[in-house]
Amino acid sequence: MVHIHELWSHIHKVAAKSAHRHGIPYVLTTHGELGEWELGQKRLKKRLFMAITQRKSLQQASAIQALTAAESAAIQKQGINTPIRVI
């Protein structure tokens, strides 16, 4: 299993794509990066990255780790249907 931290970096995408390609399950920890305020920072860049690659990485993850119920709700608000675990 691969545990990926952070969303907005190229290395995250490489790790997720490689794990998926090799059939290795992976978990993503978003660290609050899908909250309303966070998505407003560098908004255009994040919207493009989400549309081009990020959504697919989030959807293909075995699970997403959230730290709070509010973070879980922010993830769900993005239309991500991957199981979310609040830890």
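The coordinates are above.
It should be emphasised that the depicted structure is a prediction, and the values quoted were computed from it without experimental measurement. (Residues numbered from 1 in each chain as written. Predicted model: local features only at pLDDT ≥ 70, side-chain atom pairs only at ≥ 80, totals over all residues. Heavy atoms only, no water.)

## Some remarks on the side chain of serine 72
Phase 1: Counting through the fold element by element, serine 72 comes out in helix H4 (residues 69-77).
Phase 2: On the basis of relative accessible area, serine 72 is assigned to the buried category, the value being 11%.
Phase 3: Excluding anything up to four places from it in sequence, serine 72 contacts Ala66, Ile84 and Val86. (Helix = DSSP H or I, 4+ residues; strand = E, 2+ residues; numbered from the N terminus. Buried < 20%, exposed > 50% of the residue type's maximum accessible area, 1.4 Å probe, protein only. Contact = heavy atoms within 4.5 Å.)

## Details of the pattern of salt bridges
Between side chains of opposite charge, a pair can form as their charged atoms come close.
Phase 1: This structure, assessed with the given rule, holds 1 salt bridge.
Phase 2: Of the charged contacts in the structure, one is a salt bridge between lysine 77 and glutamate 36, with a shortest N-O distance of 3.6 Å. With lysine 77 in helix H4 and glutamate 36 in helix H2 (residues 36-40), this pair connects stretches of sequence that are 41 residues apart. For the pair formed by lysine 77 and glutamate 36, the shared burial category is exposed. (Salt bridge = Lys/Arg side-chain N within 4 Å of Asp/Glu carboxyl O.)

## Things to note about a nonpolar patch on the surface
Phase 1: Together, Leu44, Leu48 and Ile52 make up an exposed nonpolar region whose accessible area comes to about 340 Å².
Phase 2: Inspection of the secondary structure puts leucine 44 in helix H3 (residues 43-60).
Phase 3: You can call leucine 44 exposed: its relative accessible area is 62%. (Patch = residues over 30% accessible without salt bridge, like charges linked within 9 Å, V, L, I, M, F, W, Y side chains within 5 Å. Areas by Shrake-Rupley, 256 points an atom, 1.4 Å probe, with all protein chains shown as cover.)

## Focus: the nonpolar core
Phase 1: By size, the foremost hydrophobic cluster in this structure holds 17 residues, and its most contacted members are Tyr26, Leu28, Leu34, Leu58 and Ile75.
Phase 2: Elements that contribute at least two residues to this core include exactly helix H1 (10-21), strand S2 (26-29), H3 and strand S3 (63-66).
Phase 3: Each residue touching leucine 58, except ones within four places of it in the same chain, is listed here: Leu7, Leu28, Thr30, Leu34, Met50, Ile64, Ile80 and Thr82. (Core = buried A, V, L, I, M, F, W, Y, C linked by side-chain atoms within 4.5 Å.)

## Examining the packing of H1 against H3
Phase 1: Viewed as axis vectors pointing N to C, H1 and H3 meet at an angle of 45 degrees, and their least axial separation amounts to 10 Å. As far as their axial angle goes, H3 and H1 are oblique. Two packed elements cross with a definite hand, and for H1 against H3 that hand is left-handed. Within the contact between the two elements, H1 uses His12, Lys13, Ala16 and His20 and H3 uses Thr53, Gln54, Ser57 and Gln60.
Phase 2: Tallied by class, the residues present in the contact of H1 with H3 amount to 1 nonpolar, 6 polar and 1 charged. (Axes fitted to C-alpha atoms, helices over the stretch in contact; angles between N-to-C directions. Parallel < 35°, antiparallel > 145°, perpendicular 65-115°, else oblique. Left-handed = near helix turned anticlockwise from the far one by under 90°. Nonpolar A, V, L, I, M, F, W, Y, C, P; charged D, E, K, R; others polar.)

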